[in-house]
Every structure is written in structure tokens, then in C-alpha cells.
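Breakdown of the fold
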Amino acid sequence: FIALVAKVAKADGRVQELEAQLIGIMFDDISAVFPNKEKTRGILKDIFNEEKKRNDDTKEIAQSLNILLGRRRLKRKQFVEFLIQLAFVDNGISSDEDKVLREIVHELNITSDEYTAMVAKFENMMKNRHQTMSLKEACKILGVKESDDMSVIKKTYRKLIRQYHPDI
């Protein structure tokens, strides 16, 4: 999956800052379940960096993931939704990202209609976004102070994600 994340992130030429932040959070979350968090994060980063250099093996990697997932259709959709979210984070899905996503979706046995519906869901979320809230409002929702260190804010945010995210 990390290899496919690299393919989508790099599809439009470079890994954007927001993509890098989302990937970093994912690495932190995965690493947190292993005894040696730093070593695990390093391995994930190495896989990502190696795979973003290649664009000739996406089909094979997606096929391998499909085999590993077996009959777990929901897990396939969750992986694809994360990849779509990753593509969307830098202002929508580029044609190159869409091409890579469609190749992955095909190999994961997700129909074109299902993929289109997932993309439409993210497009609707983007259209329906409310105005950006103030820092004060955001801190109130998270339950932190504006003066708190960024590491405290991130830790609190990740805790709430684990608590309330529907895919957990």
C-alpha cells in the first residue's frame, strides 16, 4: 500500500507539501502499532522514497495488494478512498493522478462506476466546504490552547482521529 501511495503522490510530477503532511501522519499512525516506532517509520519512508522513483510497476504492486487482501472488499475501498483523498489534498485529481488511480482501481477489482462514485463523494465534500474557521475556533474544537506547542496539537488531533474516524 505504501508503494501505491508513492505512485499516486508522485503521479503529477512531485510530492506536494500537503501530500507529504498526510503521508507523514499515515507513517506515524502505522508506526505507532510497532514496538520500534522510529525503525518502522524509517522503513516506511524508505519504501515510499524508492517507489516514488518508479512508475513502471504500479499494475504489479496493485495486483499483489489485491491478492493479499483476498475477499476483503471493504478494505480495498478504504485503501482507494485514502488514495483519492491523497490526490485531492492538492486541489483536486490531476489527469496523471486519475490515470494512476484508475490503474490501481482496476487491479483491485473495483468497478469504474464505484471509483467514479468515490471521486464524486470527495468532489461534493470540496464543494460543500464551509469557510475556513479561525485559529481560536479550531483550537476550541480540538480542546487545545492557541499557545500549545505544535507537537501537542498534532498529538491531540491524532487521538481524536483514532477516536472518531469512521474507518477505525
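These remarks concern the structure in this document. (Residues numbered from 1 in each chain as written. Predicted model: local features only at pLDDT ≥ 70, side-chain atom pairs only at ≥ 80, totals over all residues. Heavy atoms only, no water.)

Some points on the overall build of the chain
- Across its full length, the chain carries 9 helices and 0 strands.
- Taken against the 2.2 N^0.38 rule, which gives 15 Å for 168 residues, the C-alpha radius of gyration of the chain at 17 Å falls within 12% of a compact globule.
- Overall, the C-alpha framework of the chain stretches about 45 × 40 × 30 Å when taken along its three principal axes.
- When each of the 168 residues of the chain is scored for burial, the buried share is 35%.
- When contacts within the chain are restricted to residue pairs at least 6 apart in sequence, long-range pairs at least 24 apart make up 65% of them.
- Carbon and sulfur atoms provide 54% of the accessible area of the chain, an area that totals close to 11200 Å².
- Separation between the mean location of the 30 positive side-chain charges and that of the 27 negative ones in the chain comes to 5 Å. (Helix = DSSP H or I, 4+ residues; strand = E, 2+ residues; numbered from the N terminus. Rg over C-alpha atoms; globule rule 2.2 N^0.38 Å. Buried < 20%, exposed > 50% of the residue type's maximum accessible area, 1.4 Å probe, protein only. Contact = heavy atoms within 4.5 Å. Areas by Shrake-Rupley, 256 points an atom, 1.4 Å probe, with all protein chains shown as cover. Lys, Arg positive; Asp, Glu negative; His and termini not counted. Charge placed at Lys NZ, Arg CZ, Asp CG, Glu CD.)

Remarks on helix α1 (residues 2-10)
- α1 sits mainly inside the fold: 8 of its 9 residues count as buried.
- Residues Ile-2, Ala-3, Leu-4, Val-5, Ala-6, Lys-7, Val-8 and Ala-9 constitute the buried set of α1.
- Looking at the packing, one finds that the buried side of α1 touches α2 (17-31), α3 (37-51), α4 (58-69), α5 (73-88) and α6 (95-107).

Looking at the layout of surface pockets
- Here the second largest pocket defines a volume of roughly 310 Å³.
- For the lining of the second largest pocket, the secondary-structure elements that each account for two or more residues are α1, α4 and α6.
- If you tally residues by element for the lining of the second largest pocket, the top one is α6, at 4 residues. (1 Å grid on protein atoms, 1.4 Å probe; cavity = no way out; pocket = protein on both sides within 12 Å on 5 of 7 lines; lining within 4 Å. Points joined across faces, edges and corners; volume = space filled by probe spheres on them.)

With respect to the packing of aromatic side chains
- Enumeration according to the criterion identifies 4 aromatic pairs in this entry.
- With a centroid separation of 6.2 Å and an interplanar angle of 75°, the aromatic rings of Phe-27 and Phe-48 are classed as edge-to-face. Placement of Phe-27 in helix α2 and of Phe-48 in helix α3 is noted, with a sequence separation of 21 residues between them. Comparing Phe-27 with Phe-48 shows no difference in burial state: the two are buried.
- Residues Phe-88 and Phe-122 carry aromatic rings whose centres are separated by 5.8 Å and whose planes lie at 25° to one another, so their mutual orientation is stacked. You can see Phe-88 sitting in helix α5 and its partner Phe-122 sitting in helix α7 (residues 112-127), a full 34 residues away along the chain. Grouping residues by exposure puts Phe-88 and Phe-122 together as buried. (Phe/Tyr/Trp six-rings, centres within 6.5 Å; stacked < 30°, edge-to-face > 60°.)

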